[in-house]
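One letter stands for each residue in the lines below.
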Amino acid sequence: MSTGRPGLHLAEPDEHETEARRPRFIIDNSAWQRVATEPVVRAAIEAIIRTTAPDDILVCPPVAAEYGFSARSPEDHSTIVLTLAGAFSDCRVHPEVRDVAAIRSALFAAHMGRAAGAVDVLIAAYAVVNQATVVHYDRDFTHIARAYPDLHHRWVVAEGSL
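Residues numbered from 1 in each chain as written. Predicted model: local features only at pLDDT ≥ 70, side-chain atom pairs only at ≥ 80, totals over all residues. Heavy atoms only, no water.

> Account for the pattern of salt bridges, naming residues and giving values.
One pass over the full model with this rule turns up five salt bridges. Residue R139 pairs with E159 through a salt bridge whose shortest N-O separation is 2.9 Å. Within this pair, whereas R139 is found in helix α8 (residues 139-147), its partner E159 is found in the segment after β5 (152-155), the two being separated by 20 residues in sequence. Residue E159 is classed as partly exposed on the basis of its relative accessible area of 41%. One connected set of salt bridges, linked through shared partners, spans R22, R24, D56 and R92. (Salt bridge = Lys/Arg side-chain N within 4 Å of Asp/Glu carboxyl O. Helix = DSSP H or I, 4+ residues; strand = E, 2+ residues; numbered from the N terminus. Buried < 20%, exposed > 50% of the residue type's maximum accessible area, 1.4 Å probe, protein only.)

So, in structure tokens, the structure goes:
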């Protein structure tokens, strides 16, 4: 790629670099559970799905576990989890213990050690290692991001609006 200046040429980004810059999302259960009852949440998630490459909406094991917890029968559970897993991609990278511990340590260092639940810390770790933004309706992610700025997050709709 030429910059228009003589003698200065930048290399084209390789496929991995381009892929890393595409927006990726992990949609938290706090957002998914509101889709059926909150039209503004449904519209917000539909907009993400419409404008994001199919492989860039990710599902991680803790989101699937939380989402499946709402099932009322074995059949309901299978339907819920298989629908989620079939519609979106598995996270490509799994966090290591040190990734999860770094987030919890950052919370403690910020005097917010227990401001976020264990599952949300795991989801945050998945988001960080997969370079994804967590879409949620849950203050835990705000607390985590305040202590651990590598976490990218956004409220599915404005905080406090529901």
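Right, picking up where we left off after that structure.
> Please set out the packing of aromatic side chains residue by residue, giving values where relevant.
As enumerated under the stated definition, the model contains three aromatic pairs in all. Ring centres of W32 and F88 lie 5.6 Å apart, and the angle between their planes is 35°; on these two criteria the pair is classed as tilted. A residue pair is termed long-range when its members are at least 10 positions apart, and W32 in helix α2 (residues 29-32) and F88 in the loop between α5 (74-87) and β3 (89-90) qualify at 56 residues. As far as burial versus exposure is concerned, W32 and F88 are alike and both buried. Between Y137 and W155, the aromatic rings sit 5.1 Å apart at their centres with planes inclined by 85°, giving edge-to-face as the arrangement. On the criterion of sequence distance, the pair formed by Y137 in the loop between β4 (133-136) and α8 and W155 in strand β5 is long-range, its members being 18 residues apart. Among the aromatic residues, those joined into a ring-pair cluster are W32, Y67 and F88. (Phe/Tyr/Trp six-rings, centres within 6.5 Å; stacked < 30°, edge-to-face > 60°.)

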